[in-house]
Amino acid sequence: MSDALIVAIDGPSGVGKTTASRLVARELNIPHIDTGAMYRAIGVAALREGISVHDAAALEELTGRTRIEFLPGERPRVILNGEDITGMIRTPEISMAASHVSAVPAVRRALVRLQQAMGRAGGGVLEGRDIGTKVFPETPHKFFLTATPKVRADRRYRELLAKGQNIPFETVLAEASQRDEQDSSRADSPLTYDETYTVIDTSELSITEVVQWIVDEVRSGR
Ligand code: DC
């Protein structure tokens, strides 16, 4: 067992996990590990090869011969078989593909192993869906971020707009709801939390307040 500092930040899409995780990691001086980016990379690999995101056997075979690296830092990079694909993983199409491939147990096993190796090596703020339940259940620092569906879809909508993707709000809301439903209802490691988590509703909080809350709890050892 390693004594590296592990902070688990789980929750659905659009709750501000990525921004909060990045700032908490900076404050605590440990790497920020975005585990969703790894599932997105498998989604990219599947779409490129024309593999159905519902074909578990083909996805297992694909994962076995796919090399994914996640390089933390001020501008984290996702590398797929040596190629930097960071710029292409945040589209609605890849979001949905990632949600589907993440339901496949063999895909999860491979990526969880990678996440555990990274966390044990240097600690980290790991953001995802199952960090506190499956990846690092032993860490005392577990946070589950929530927000109302409307606030979450609104944040996603603005994020996409800022990147030049003008997708109707109603579409963003519908896709986010579908993805959260898929992530919460899958058999392997569904999005959930238990009494060992601190639940933070971010609907009415600023990002600074969320970060301060998490950092204070981690530092005080709760
Ligand atoms: O956090 P994100 O939106 O980038 O994640 C993309 C998808 O990956 C999400 O729909 C569910 C899946 N995921 C997961 O199953 N487990 C994780 N630890 C992180 C993400």
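Preceding this section is the structure that the text describes.
What this report covers is the structure whose coordinates are included nearby. (Residues numbered from 1 in each chain as written. Predicted model: local features only at pLDDT ≥ 70, side-chain atom pairs only at ≥ 80, totals over all residues. Heavy atoms only, no water.)

Observations concerning the packing of helix α2 (residues 35-49) against helix α5 (residues 105-122)
Here comes step 1: Relative orientation of the contacting elements α2 and α5 amounts to 140°, with a least axis distance of 11 Å. Taken together, the axis directions place α2 and α5 in an arrangement best described as oblique. By crossing handedness, the relation of α2 to α5 is classed as right-handed. Taken together, the residues of α5 that come into contact with α2 (itself represented by Thr35, Met38, Tyr39 and Ile42) are Val107, Arg108, Leu111, Val112, Leu114, Gln115 and Met118.
Here comes step 2: Residues belonging to the contact of α2 with α5 are distributed by class as follows: eight nonpolar, two polar and one charged. (Axes fitted to C-alpha atoms, helices over the stretch in contact; angles between N-to-C directions. Helix = DSSP H or I, 4+ residues; strand = E, 2+ residues; numbered from the N terminus. Parallel < 35°, antiparallel > 145°, perpendicular 65-115°, else oblique. Left-handed = near helix turned anticlockwise from the far one by under 90°. Contact = heavy atoms within 4.5 Å. Nonpolar A, V, L, I, M, F, W, Y, C, P; charged D, E, K, R; others polar.)

So, the sheet that holds strand β5 (residues 83-84)
Here comes step 1: One open sheet holds the three strands; their spatial order is β3-β4-β5, and the pairing between them is antiparallel. One side of each edge strand has no neighbouring strand; the edge strands of this open sheet are β3 (68-71) and β5.
Here comes step 2: Where strand β4 (residues 77-80) lies against β5, two bridges are found, and the strand directions are antiparallel. In the sheet register, isoleucine 79 faces β5, and the bridge partner there is aspartate 84.
Here comes step 3: Contacting β3, β4 and β5, α2 crosses the sheet at an angle of about 35° to β4. (Pairing = 2+ DSSP bridges.)

Quick look at the site of the ligand
Here comes step 1: Neighbouring the ligand are 16 residues, the closest being Arg40, Arg108, Asp130, Arg179 and Asp183.
Here comes step 2: Within the contact set of the ligand, an oxygen atom lies 2.8 Å away from a side-chain nitrogen or oxygen of arginine 179.
Here comes step 3: When the free accessible area of the ligand is taken as 440 Å², the share hidden by the protein chains comes to 98%.
Here comes step 4: Residue assignment for the shell around the ligand shows that the elements contributing at least two residues are α2, α4 (92-101) and α8 (169-185).
Here comes step 5: Ranked by residues supplied to the shell around the ligand, first place goes to α2 with four residues. (Near = heavy atom within 4 Å. Polar contact = N/O pair within 3.5 Å; in protein donor to acceptor, adjacent residues only side chain to side chain. Areas by Shrake-Rupley, 256 points an atom, 1.4 Å probe, with all protein chains shown as cover.)

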